[in-house]
Amino acid sequence: EAGVTQSPTHLIKTRGQQVTLRCSPISGHTSVYWYQQALGLGLQFLLWYDEGEERNRGNFPPRFSGRQFPNYSSELNVNALELEDSALYLCASSLGGTDTQYFGPGTRLTVL
Amino acid sequence: DQQVKQNSPSLSVQEGRISILNCDYTNSMFDYFLWYKKYPAEGPTFLISISSIKDKNEDGRFTVFLNKSAKHLSLHIVPSQPGDSAVYFCAASRAGTASKLTFGTGTRLQVML
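For every chain, the first residue of its written sequence is number 1, and the numbers climb from 1 along that sequence. Each chain is given a letter, starting from A, and each ligand a number, starting from 1, according to the order in which they appear as written. For a predicted model such as this one, the threshold for reporting local features is a pLDDT of at least 70, and the threshold for listing and counting side-chain atom pairs is 80 or more; totals across whole chains, interfaces and linings nevertheless cover every residue. For side-chain calculations, the full set of non-hydrogen atoms in the structure is used, while hydrogens and water are omitted.

S.K.: What's the story with the overall build of chain B in this structure? I'm lost.
M.R.: A count of helices and strands for chain B gives zero helices and eleven strands. Ordered by position from N to C terminus, the α and β elements of chain B give β-β-β-β-β-β-β-β-β-β-β. All radius of gyration figures rest on C-alpha atoms, and the globule criterion is 2.2 Å times the number of residues raised to 0.38. The globule rule puts the C-alpha radius of gyration for 113 residues at 13 Å, and the 13 Å found for chain B is close to it. Across its three principal directions, the C-alpha atoms of chain B cover 40 × 30 × 20 Å. Relative to its full complement of 113 residues, chain B shows a buried share of 46%. Sequence separation of at least 24 residues holds for 55% of the intrachain contacts in chain B that already meet a minimum separation of 6. Per-residue and other accessible areas follow the Shrake-Rupley method at a 1.4 Å probe size, with only the shown protein chains counted as cover for residues. Carbon and sulfur atoms make up 49% of the accessible area of chain B, which amounts to about 5,500 Å² in all. By definition, any uninterrupted DSSP run of H or I lasting at least four residues is a helix, any uninterrupted run of E lasting at least two residues is a strand, and each is numbered from the N terminus. Exposure classes here rest on a 1.4 Å probe applied to the protein chains alone. A residue is buried below 20% of its type maximum, exposed above 50%, and partly exposed in between. Residue contacts follow a heavy-atom distance rule, with two residues in contact if any of their heavy atoms lie within 4.5 Å.

S.K.: Help me out: how do you make sense of the packing of aromatic side chains in this one?
M.R.: Remark: the centre distance and the inter-plane angle together describe each pair of aromatic rings, the angle taken between the planes. Note on ring pairs: Phe, Tyr and Trp rings are taken, using the six-membered ring of Trp, and paired if centres are within 6.5 Å. Classes follow the plane angle, with under 30 degrees stacked, over 60 edge-to-face and the rest tilted. Taken as a whole, this structure holds 13 aromatic pairs over all chains when the rule is applied. Ring geometry for Y35(A) and F103(A): centres 5.5 Å apart, planes at 45 degrees, overall tilted. In this pair, Y35(A) is assigned in strand β4 (residues 31–37) and F103(A) in strand β10 (residues 102–103), connecting sequence segments 68 residues apart. Here Y35(A) matches F103(A) in class, with each residue buried. Their ring planes at 50 degrees and their centres at 5.7 Å tell us that Y36(B) and F103(B) sit as a pair that is tilted. Here the residue Y36(B) occupies a position in strand β4 (residues 30–38), and F103(B) occupies one in strand β10 (residues 97–103), the gap between them amounting to 67 residues. In terms of burial, Y36(B) and F103(B) fall into one category: buried.

S.K.: Help me understand the interface of chain A and chain B, please; the structure alone is not making it clear to me.
M.R.: Bring the parts together and some accessible area is lost; that lost area is often taken as the interface size. At the interface, 20 residues of chain A touch 19 residues of chain B. At the boundary of chain A with chain B, total buried surface from both sides reaches about 1,500 Å², with 61% on carbon and sulfur atoms. Using a 1.4 Å probe, buried area is obtained as the accessible area two parts lose upon being combined, added over both of them. Looking at the side of chain A facing chain B, the largest losses of area belong to L43(A), T100(A) and F103(A), adding up to 30% of the total buried there. In the sections that follow, a salt bridge refers to a side-chain nitrogen of Lys or Arg positioned within 4 Å of a carboxyl oxygen of Asp or Glu. Across the chain A-chain B interface, the total number found is zero salt bridges. Nitrogen and oxygen atoms within 3.5 Å of one another constitute a polar contact, given that in protein one can donate a hydrogen and the other can accept it, and given that sequence-neighbouring residues count only through two side-chain atoms. Taken together, chain A and chain B are joined by three residue pairs in polar contact (both at pLDDT 80 or more). At the level of elements, β4, β5 (44–50), β9 (87–94) and β10 of chain A are the ones that each hand at least two residues to the side of chain A that touches chain B. With three residues, β4(A) is the largest single contributor of residues to the side of chain A that touches chain B.

S.K.: Can you walk me through the nonpolar core in this structure?
M.R.: Generally speaking, nonpolar side chains in soluble globular proteins are found buried as a group. Residues belong to one nonpolar core when they are buried, are Ala, Val, Leu, Ile, Met, Phe, Trp, Tyr or Cys, and are joined through side-chain atoms within 4.5 Å. Counting 23 residues, the largest nonpolar core has F33(B), W35(B), L73(B), L75(B) and Y88(B) as its most contacted members. At the level of secondary structure, the elements contributing two or more residues to this core comprise β3 (19–25), β4, β5 (45–51), β7 (62–67), β8 (72–77), β9 (86–94) and β11 (107–112) of chain B. Per-element tally for this core: the top contributor is β9(B), with four residues. Other than its neighbours up to four places away in sequence, L75(B) contacts S19(B), I20(B), L21(B), W35(B), L47(B), I48(B), F62(B), T63(B) and Y88(B). Core analysis: the second largest hydrophobic core is formed by 22 residues, L21(A), I26(A), L81(A) and L109(A) among them.

So, in structure tokens, the structure goes:
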């Protein structure tokens, strides 16, 4: 069974640009989560989507947004990129909002 | 405000010995705890979890202990193997809301031959 997949693997952007990251959950999982891991920090919760709806949001500015599609895949959009947005962005999925989360390999975003 | 803390950034252990990774939390509302292992260039892999109604959960070489009064949990790996070398994160969530996991900053375990 395929795990959580994310694309792209790496991305380099410049300050002020916009970026879209993509995630496909494990088959049958309806919940998708996004986390940011900046250098030297733990994983910080960004967003939780379930059944196409945003269910919870971490302490991040509105320029971080996303959506979940009918096939449960998800996109994370970051507008007006700042240098401190450079991080590993991890997507996870679960059967529902109360189950163990399984992570993808992440997208490494570098903002210059 | 770091609600989940892993105070040891790194740990070195001889192969075959016990590895003990520690985690402290400050939010008394947390009642579900997980450990994840992360290799470089990969996402975290779920290892083991424990609910606050238990004080111990075992899965093969991995055992997690929870001390609610001390707001402390630990992961024991016995015996340690070189393939266990990775960064270990503990995470916590509130009752029925595993949707928002709060992670520690991780402990890098190196198992030496």
